[in-house]
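Results of the structural survey
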Amino acid sequence: MPEAPNKNGRDYSVNKKTLQFIEDVTANADQVQNRVLAEILSRNAGVEYLNRLGVSGKNMDRETFKKLVPVIKYEDIQPEINRIANGDKSAILCSQPISEFLTSSGTSGGERKLMPTIEEELGRRSLLYSLLMPVMNQFVPGLDKGKGMYFLFIKSEAKTPGGLVARPVLTSYYKSTHFKNRPYDPYTNYTSPNETILCPDSYQSMYSQMLCGLFQNKEVLRVGAVFASGFIRAIRFLEKHWRLLCNDIRTGSIDPQITDPSVRESVMRIVKPDPELADFIESECGKESWKGIITRLWPNTKYVDVIVTGTMSQYIPTLDFYSNGLPLVCTMYASSECYFGVNLNPLCKPSDVSYTLIPTMAYFEFLPVQRNNDVNTNSIAVPKTLDGKEQKELVDLVDVKLGQEYELVVTTYAGLYRYRVGDVLRVAGFKNKAPQFTFICRKNVALSIDSDKTDEVELQTAVKNAVNHLIPFDATLTEYTSYADLSTIPGHYVLFWELTVNGSTPIPPSVFEDCCLTIEESFNSVYRQGRASDKSIGPLEIRIVDVGTFDKLMDYAISLGASINQYKAPRCVKYEPIIQLLNDKVVASYFSPKCPKWVPGHKKWSNA
């Protein structure tokens, strides 16, 4: 993820000061955490939520705080969130005014979660960004001698009935003065002008950013996007449109489809006629293989900066193919709820990535979890509510154990108290007294392509809605499973269906297409936005398999050691031999015929 510049520019003394800051806060992690909790409680003393729990906020020690304040999930504070969204300006969760809502990619009731934030949080996020280049500069010197080519985008935003903006955290950041009015810094010099990043039209934004990146190809020292999936979409976009882009570079113009005046103006300040460069790009893109296309077009690139942890790890082989094995760098760990930490060893292998949580960002606690190491699934089911014993099992930042897995719990300056983020982390080591965590997965997630997260319950409900289309043909669904197919760009969900057909009338293809669309319409707003607006997810596919396929799947699982008494068909599969077994039994395949309906904002706001 790209970093915010230090407001004073960056030089050796700034780098040294930043690295010393990391040393200091990690060496004194427990004291810093104690101070952070005291600050949060002192600032928010008197807010309605804490008063209701009997928390005074002043001079309260950690143990009393833990005794009085329960560990919560989103649904527990949704009534308070809704009041704020509807215009209640009283101090409900936080003493400072809620400046906007950050929309989480996790969902509640099929809608994005709304995370309250305050103005000062932008400063905390900028602080974490400012740590990244001093760390990176230790491993890859000379990054101030060129530019970064990052594909950054804003997403749709909405206004709550009370007038607060609700938008993704990165959209909030890119639209802030912290980003737009940043002073020049050679370490954070990008090929994309601000106007191209802030363009709301995804095609125009991608096209103009790619054009600027190609024109400045010799200056590019690092490339990236936020997620691995986003960067691969950019390369796929280049595969489709390189001829148009080459024409623009040859003539020093920009395609008429780019109609945004500010985008056109900003691009034309950069792009000039360069027939030699256009010939070079045409030659490379016209070759049969696109292996190593990144290093071929941008020959000075030193690394690819994308998130490849968690579900994004599924994109590593594709990135390696396009980049000729350049280092894949994951720089930081953040979410809508809070920004957490940085990777202090950025050139490590993706499988070894760990993040050092910066103790000043929030107050952190950790709930021990046990993982099911089934070959069929990598998701972790964590109980939705905690009993008294489980609440007491939470440990502080400095008390986690090496190798243990935990669910992350945060208390933030913006009004989340002992909030379960839903991320499962494993302790990989320590930086001084501060633990370093490997991101394992989101809890209860079955399928994910981009920022979408679909759990088994949601999948089951969607399938149940879809099979109603089979009733007129006297057909029933015997069994099903699913997986995220990344062989297409963008990736898409695949469902394997085994049917029992008692009727004599053949089922038309249009009925299965209706089933596909019904499933998509049943999914949450994050998925539907990815399909309809962001184009980050491809059409859902149903593959019909031979009768008896799931019996063979059970036989295979038992051969691997599964108990015949406890076996049940997995609702999501990730183990390649199982996917191959299912694909070998496919007799027909159908895709969703169009995008599901989606509009910005929550359904209830739209209805209002």
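Everything below is about the structure shown above.
What this report covers is the structure whose coordinates are included nearby. Worth saying up front: this structure is predicted, and the values here are computed from it rather than measured. (Residues numbered from 1 in each chain as written. Predicted model: local features only at pLDDT ≥ 70, side-chain atom pairs only at ≥ 80, totals over all residues. Heavy atoms only, no water.)

1. Observations regarding the packing of aromatic side chains
Geometrically, a pair of aromatic rings is defined through the distance of the ring centres and the angle of the planes. In the structure shown here, the tally under the stated rule is 24 aromatic pairs. Ring centres of Tyr333 and Phe439 lie 6.0 Å apart, and the angle between their planes is 65 degrees; on these two criteria the pair is classed as edge-to-face. Separated by 106 residues along the polypeptide, Tyr333 in strand 9 (residues 332-334) and Phe439 in strand 16 (residues 434-442) bring together distant segments of the chain. Look at Phe439 and you get buried, because its relative accessible area is 16%. Feature note: the residues Tyr129, Tyr173, Tyr174, Phe179 and Tyr339 constitute an aromatic cluster, connected by ring pairs. (Phe/Tyr/Trp six-rings, centres within 6.5 Å; stacked < 30°, edge-to-face > 60°. Helix = DSSP H or I, 4+ residues; strand = E, 2+ residues; numbered from the N terminus. Buried < 20%, exposed > 50% of the residue type's maximum accessible area, 1.4 Å probe, protein only.)

2. A look at the sheet that holds strand 17 (residues 475-485)
Overall, mixed pairing links the four strands, which are arranged 17-18-19-20 in an open sheet. Across the chains shown, the open sheet's two edge strands, defined by having one partner strand only, are strand 17 and strand 20 (586-591). Taken over all neighbouring pairs, the strand axes of this sheet differ in orientation by 25 degrees on average, direction set aside. Bridge count between strand 18 (residues 492-501) and strand 19 (residues 541-545): five bridges; the pairing is parallel. Opposite Glu498, over in strand 19, you have Val545 as the bridge partner. (Pairing = 2+ DSSP bridges. Axes fitted to C-alpha atoms, helices over the stretch in contact; angles between N-to-C directions.)

3. Some thoughts on the pattern of salt bridges
On inspection of all chains with the given rule, the structure shows 33 salt bridges. Put simply, Asp30 and Arg62 hold a salt bridge, and the shortest N to O gap is 3.0 Å. Of this pair, Asp30 sits in helix 2 (residues 29-43) while Arg62 sits in helix 4 (residues 62-68), placing them 32 residues apart in sequence. Using a relative accessible area of 30% as the deciding quantity, one classes Asp30 as partly exposed. Residue class for Arg62 comes out buried when judged on its relative accessible area of 12%. Where Glu284 meets Arg296, a salt bridge forms, and the shortest distance between an N and an O atom there is 2.8 Å. Of the two residues, Glu284 sits in helix 14 (residues 275-285) while Arg296 sits in helix 15 (residues 293-297), which places them 12 residues apart along the sequence. Exposure remark for Glu284: the relative accessible area of 10% places this residue in the buried category. (Salt bridge = Lys/Arg side-chain N within 4 Å of Asp/Glu carboxyl O.)

4. Some thoughts on helix 13 (residues 261-268)
Among all positions of helix 13, only Val263, Ser266 and Val267 are buried. Along the axis of helix 13, the buried positions cluster into a sector of 100 degrees, meaning they face one direction only. Facing away from the buried surface of helix 13 by more than 90 degrees, the exposed residues are Pro261 and Glu265. In this fold, the buried residues of helix 13 make contact with helix 10 (194-197) and helix 11 (202-215). (Arc of directions from axis to C-beta. Contact = heavy atoms within 4.5 Å.)

5. Focus on the packing of helix 6 (residues 120-130) against helix 7 (residues 132-139)
Two numbers describe how helix 6 lies on helix 7: the axes approach to 5 Å, and their chain directions differ by 5 degrees. In terms of their interaxial angle, helix 6 and helix 7 are classed as roughly parallel. Side by side, helix 6 and helix 7 meet where Leu128, Tyr129 and Ser130 of the first sit next to Leu132, Met133 and Pro134 of the second. (Parallel < 35°, antiparallel > 145°, perpendicular 65-115°, else oblique.)

6. Things to note about the sheet that holds strand 3 (residues 147-151)
Sheet strands associate in pairs through backbone hydrogen bonding, adopting either a parallel or an antiparallel arrangement. With parallel pairing, four strands are arranged side by side in an open sheet as 3-6-7-8. Two strands bound the open sheet, and with one partner strand each, they are strand 3 and strand 8 (328-329). By the bridge criterion, five bridges tie strand 3 to strand 6 (residues 220-227) in an arrangement that is parallel. Bridge pairing in strand 6 links Lys147 to Val220. Taken strand by strand, helix 12 (residues 228-251) contacts strand 3, strand 6 and strand 7 (303-307), and its axis lies near 120 degrees from that of strand 6.

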